[in-house]
Amino acid sequence: MAATVFYLDDIPEPGGVAVLDGPEGRHAATVRRIRVGEPITLSDGAGLLADSEVVATGKDRLELKVLSRSVAQPVSPPVTVVQALPKSDRSELAVELMTEAGADTIVPWQASRCVANWEGKARKGVDKWRAAARSAARQSRRARIPEVTELYRTADVLELVREVKGDNGVVAALHESGTARFVDLPLATASRVVLIVGPEGGLDDSELSALAAAGAEVVLLGPTVLRTSTAAAVALGALGALTPRW
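Thresholds applied
- Residues numbered from 1 in each chain as written.
- Predicted model: local features only at pLDDT ≥ 70, side-chain atom pairs only at ≥ 80, totals over all residues.
- Heavy atoms only, no water.
- UniProt positions renumbered as here; feature names shortened; annotations may be inferred.
- Pairing = 2+ DSSP bridges.
- Helix = DSSP H or I, 4+ residues; strand = E, 2+ residues; numbered from the N terminus.
- Axes fitted to C-alpha atoms, helices over the stretch in contact; angles between N-to-C directions.
- Salt bridge = Lys/Arg side-chain N within 4 Å of Asp/Glu carboxyl O.
- Buried < 20%, exposed > 50% of the residue type's maximum accessible area, 1.4 Å probe, protein only.
- Right-handed = clockwise from strand over helix to strand, strands pointing away.
- Phe/Tyr/Trp six-rings, centres within 6.5 Å; stacked < 30°, edge-to-face > 60°.
- Core = buried A, V, L, I, M, F, W, Y, C linked by side-chain atoms within 4.5 Å.
- Contact = heavy atoms within 4.5 Å.
- Expected span 1.5 Å × (residues − 1).

If you check an unreviewed UniProt entry, the protein appears there as Ribosomal RNA small subunit methyltransferase E from Nocardia pulmonis. For the protein, the Sequence similarities (unreviewed entry) comment in UniProt is given as "Belongs to the RNA methyltransferase RsmE family."

Here you go:
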């Protein structure tokens, strides 16, 4: 079994000793009860990986000898998920699932029909999503923690769509009204892929029209209607098989 992954900003060269403390050290030493001699994989969350071995433990901290370092190459095409804000009880679940499924960038979107409203509290919401992404990346042993952007409004999303289309990318707005199929999009040759997932109440007609006018393809993901918290993860799984990502 692969060694457990923990994140550390500054990873020493092989032969050096790394100190894992703070929340990561607490989780490793106190929650996981990792002991001397156990292997640990360290990552800076941006692709750098290091095999290490625990040489000392303390209260909420570990000391690890770095044995070797490597860099995990990013997968292609990179995928951004524009996620309309789900209800609070499913908000962080959506982030966890799409992180485990391989999202590279996550964009929280205040769509018109969102039940959740982050106006005036966007900082708190973004921080929660970033913490959820970090935890899920550790759980799934990812070398890269997905970026969670600041809160987007619809105008920001439309600008992103135009940018990606101008870069030979593919933008898929997942919606039950779509007549085209997700699997028929030219995903394998795209420079970038953006998935747009609406809220529980669905995308507003004006939003759909604006997205299509900006260059997004309104597509049907599959034969069933999915929750907003699971749609991105299902689409990412399909992308893994339809592109070189897997």
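Undergrad: How do you make sense of the sheet that holds strand β5 (residues 61-71) when you look at a structure like this?
TA: Sheet strands pair by backbone hydrogen bonding; their relative direction is either parallel or antiparallel. Strand order across the open sheet formed by five strands is β1-β3-β4-β5-β2, with mixed pairing between neighbours. The open sheet has two free edges, formed respectively by β1 (4-7) and β2 (17-20), since each of these has just one partner strand. For this sheet, the mean inter-axis angle between neighbouring strands, taken without regard to orientation, is 40°. The pairing of strand β4 (residues 48-58) with β5 spans 10 bridges and is antiparallel.

Undergrad: Would you mind going over the UniProt feature "domain: Ribosomal RNA small subunit methyltransferase E PUA-like" (unreviewed entry) in the protein with me for this structure?
TA: Per the UniProt record, "domain: Ribosomal RNA small subunit methyltransferase E PUA-like" (unreviewed entry) is found at residues 20-67. A distance of 15 Å separates the end C-alpha atoms of residues 20-67, which is 21% helix and 50% strand.

Undergrad: So what exactly am I meant to see when it comes to the pattern of salt bridges here?
TA: Charged atoms that come close allow side chains of opposite charge to pair. Within this structure, the stated rule accounts for 15 salt bridges. The partner of E119 in a salt bridge is R153, and the shortest N-O contact between them spans 2.9 Å. Of this pair, E119 sits in the loop between β7 (105-109) and α3 (122-139) while R153 sits in the loop between β8 (147-148) and α4 (154-166), and the two are 34 residues apart along the sequence. For E119, a relative accessible area of 45% puts it in the partly exposed group. Note on R153: relative accessible area 36%, which makes it partly exposed. R130 is paired through a salt bridge with E150; the nearest N and O atoms lie 3.3 Å apart. One end of the pair, R130, is in helix α3; the other, E150, is in the loop between β8 and α4, with 20 residues separating them in the sequence. A relative accessible area of 33% means that R130 is categorised as partly exposed. Residue E150 is classed as partly exposed on the basis of its relative accessible area, which comes to 39%.

Undergrad: Quick question: what am I supposed to make of the pairing of β7 here?
TA: Remember that side chains alternate between the two faces of the sheet whenever the strand is regular. Along β7, five of the five residues are buried, which leaves the element largely enclosed by surrounding structure. Here β7 shows two buried faces, one formed by T105, V107 and W109 and the other by I106 and P108. Looking at chain direction, strand β6 (residues 79-84) and β7 are connected through five bridges and run parallel. The residue bridging V82 from the neighbouring strand is V107, located in β7. Viewed along the sheet, the connection from β6 through helix α2 (residues 88-100) into β7 turns out right-handed. The sheet contact formed by β7 and β8 spans two bridges and is parallel. Directly across from T105, in β8, lies its bridge partner E147. Each parallel crossover has a hand, and the one from β7 via α3 to β8 is right-handed.

Undergrad: What is the right way to read the packing of aromatic side chains from this model?
TA: The geometry of an aromatic ring pair comes down to the distance between the two centres and the angle between the two planes. Going through the model one piece at a time under the given rule, you end up with one aromatic pair. Taking 5.2 Å as the distance between ring centres and 75° as the angle between the ring planes, the aromatic pair formed by W118 and W129 counts as edge-to-face. Residue W118 is found in the loop between β7 and α3, and its partner W129 is found in helix α3; the two are separated by 11 residues along the sequence. Using a relative accessible area of 1% as the deciding quantity, one classes W129 as buried.

Undergrad: Explain the nonpolar core to me, please; I cannot follow it from the model alone.
TA: The nonpolar side chains of a soluble globular protein tend to be buried, and buried together. Of all hydrophobic cores here, the largest spans 52 residues; its most connected members are W109, F182, L195, I196 and L211. Once residues lying within four places of it in the same chain are set aside, the contact partners of I196 are V82, W109, V157, V161, V171, A172, A173, L174 and L211. The next biggest cluster of nonpolar side chains, apart from the first, holds 16 residues, and it includes A18, L20, L62 and L64.

Undergrad: Looking at this structure, how should I read helix α6 (residues 228-242)?
TA: Residues spaced three or four apart along an α-helix face the same direction, because each turn holds 3.6 residues. Between its first and last C-alpha atoms α6 spans 22 Å; for 15 residues at 1.5 Å apiece the expected length is 21 Å, and the two agree. Inspection of α6 places T228, S229, A231, A232, A233, A235, L236, L239 and G240 among the buried residues, and these make up the whole buried set. Those residues of α6 hidden inside the fold are in contact with β6, α2, β9 (170-174) and β11 (193-197).

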